[in-house]
Amino acid sequence: MIRVTYVSREVAGLTSDRLLALISQCHRNNPSKGLTGMLLHGNGTFLQVLEGEESVVDALMSAIAQDPRHTGMTIVRRETVTGRQFDGWSMGFERVTDESLKSVPGLHNFGLRNFTPEYLSGHDDVVETLLERHRAPHWDPLIRELDARDKLIGELRRELLQMRNDKAMAALVLETMIDVASEGHINDAHLDICRTALHGLR
Ligand SMILES: Cc1cc2nc3c(=O)[nH]c(=O)nc-3n(C[C@H](O)[C@H](O)[C@H](O)COP(=O)(O)O)c2cc1C
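In this convention, every chain numbers its residues from 1, walking through the sequence in written order. Totals for whole chains, interfaces and linings use every residue, but because this is a predicted model, local features are given only for residues with pLDDT of at least 70 and side-chain atom pairs only at 80 or more, for both listing and counting.

## A look at the overall build of the protein chain
Then, number 1: On a plain count of helices and strands, the protein chain comes out with seven helices and five strands.
Then, number 2: A helix here means a DSSP run of H or I that spans at least four residues, while a strand means a run of E at least two residues long, and both kinds are numbered starting from the N terminus. Written out in order from the N terminus, the α and β elements of the protein chain read β-α-β-β-α-β-β-α-α-α-α-α.
Then, number 3: The buried share of the protein chain, taken over its 202 residues, is 20%.
Then, number 4: We call two residues in contact when their backbone-placed C-beta atoms lie within 7 Å. At a minimum sequence separation of 6, the contacts of the protein chain that also span at least 24 residues come to 74%. Three classes are used. A residue is buried when 20 or more other C-beta atoms lie within 10 Å of its own, exposed when 12 or fewer do, and partly exposed in between, with C-beta atoms placed from the backbone.

This is the structure in structure tokens:
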């Protein structure tokens, strides 16, 4: 297993919704590939760690290097590891701010203005400290937004299943009624089934 850390610069016009789409993409793809990691974003800069099987990480790194949403990918560290540091994060995400960076223990005179690919790629120790600080669970507003969206999608999916279920029930009732009507045997029990089905649909 390997862990790769790199920095890059976002391209102009990377709006919040495009960023959200990018994180959703990570959440969608990474679990089935056994990838975990963390993505920090701020001051137009990405700092990402990816951990997983070497061939899987390398294949993704090649794809990411060609992604038009950023440029100047520079690898800060690549190491063989025996365990994960970001277990439980298919891709943790945080938008760093001047305030959050200034409160990182162990960093002095470090703020958003230093959060650049140029600075970070030359300061391996700072990168380590930043990642250490962000390893703990945290709740970025964008992640909350993603979570809320996932919940909404879950509810819609359940609703849809319920609707399908109701529709299947209605179809079954109608088929039964057509069968019994064709034989001329409609009785009170059949009418009760109709009323129950109708009630369910309303
Ligand atoms: C900064 C950055 C980080 C990315 N991280 C990931 C990632 O962790 N997992 C992933 O699948 N794609 C990631 N991507 C997107 C890949 O470049 C690529 O678009 C994606 O893997 C294509 O897969 P798909 O089309 O099957 O979704 C990242 C892109 C950028 C710009």
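What follows picks up the thread again.
## With respect to the site of the ligand
Then, number 1: Taken together, the neighbourhood of the ligand is formed by 14 residues, with C26, N29, I64, D67 and R69 sitting nearest.
Then, number 2: Those elements that provide at least two residues to the shell around the ligand are helix 1 (16-33), strand 3 (45-52) and helix 2 (54-65).
Then, number 3: Counting residues per element, the shell around the ligand draws most heavily on helix 1, which supplies five residues.
Then, number 4: Per-class residue counts for the shell around the ligand are seven nonpolar, five polar and two charged. Being near a molecule or strand means, for a residue, that its backbone-placed C-beta atom lies within 6 Å of it. The classification used treats Ala, Val, Leu, Ile, Met, Phe, Trp, Tyr, Cys and Pro as nonpolar, Asp, Glu, Lys and Arg as charged, and all other residues, Gly among them, as polar.

## Side note on the sheet that holds strand 3
Then, number 1: Following DSSP output, two strands are said to pair if at least two bridges run between them. Strands sit in the order 4-1-3-2-5 across an open sheet of five strands; the sheet is mixed. Edge positions in the open sheet fall to strand 4 (70-80) and strand 5 (92-95), since each of these has one partner strand only. Across the sheet, the mean angle separating the axes of adjacent strands is 15 degrees when strand polarity is ignored.
Then, number 2: Judged from the eight bridges that link them, strand 1 (residues 2-10) and strand 3 form a sheet pairing that is antiparallel. What sits directly across from R9, in strand 3, is T45.
Then, number 3: Most of the contacts of helix 5 (residues 124-134) go to strand 2 (residues 36-42), to which it runs at about 110 degrees, and overall it touches strand 1, strand 2, strand 3, strand 4 and strand 5. Between the N-to-C directions of two axes lies an angle of 0 to 180 degrees, each axis being a line fitted to C-alpha atoms and, for a helix, fitted only over the stretch in contact.

## Side note on the environment of G13
Then, number 1: Among the secondary structure elements, G13 is positioned in the loop between strand 1 and helix 1.
Then, number 2: According to the C-beta neighbour criterion, G13 is exposed, with 7 such atoms within 10 Å.
Then, number 3: For the pair formed by G13 and R69, sequence separation is 56 residues and the distance between their alpha carbons is 9.0 Å.

## Structural notes on helix 5
Then, number 1: Within helix 5, burial applies to V127, L130, L131 and H134. Viewed along the axis of helix 5, the buried residues span an arc of 95 degrees, placing them on a single side of the element.
Then, number 2: Packed against the buried residues of helix 5 are strand 1, strand 2, strand 3, strand 4, strand 5 and helix 4 (117-121). Throughout, the arc means that of the directions going from the helix axis to the C-beta atoms.

## Here's the deal with unusual backbone geometry
Residues other than glycine predominantly adopt negative phi, and peptide bonds predominantly adopt the trans conformation.
Then, number 1: The backbone phi angle of N43 is positive, close to 50 degrees, even though this residue is not glycine.
Then, number 2: In the Ramachandran plot, N109 falls in the positive-phi region, its phi being about 55 degrees despite a non-glycine side chain.
Then, number 3: Structurally, N109 can be placed in the loop between helix 3 (98-102) and helix 4.

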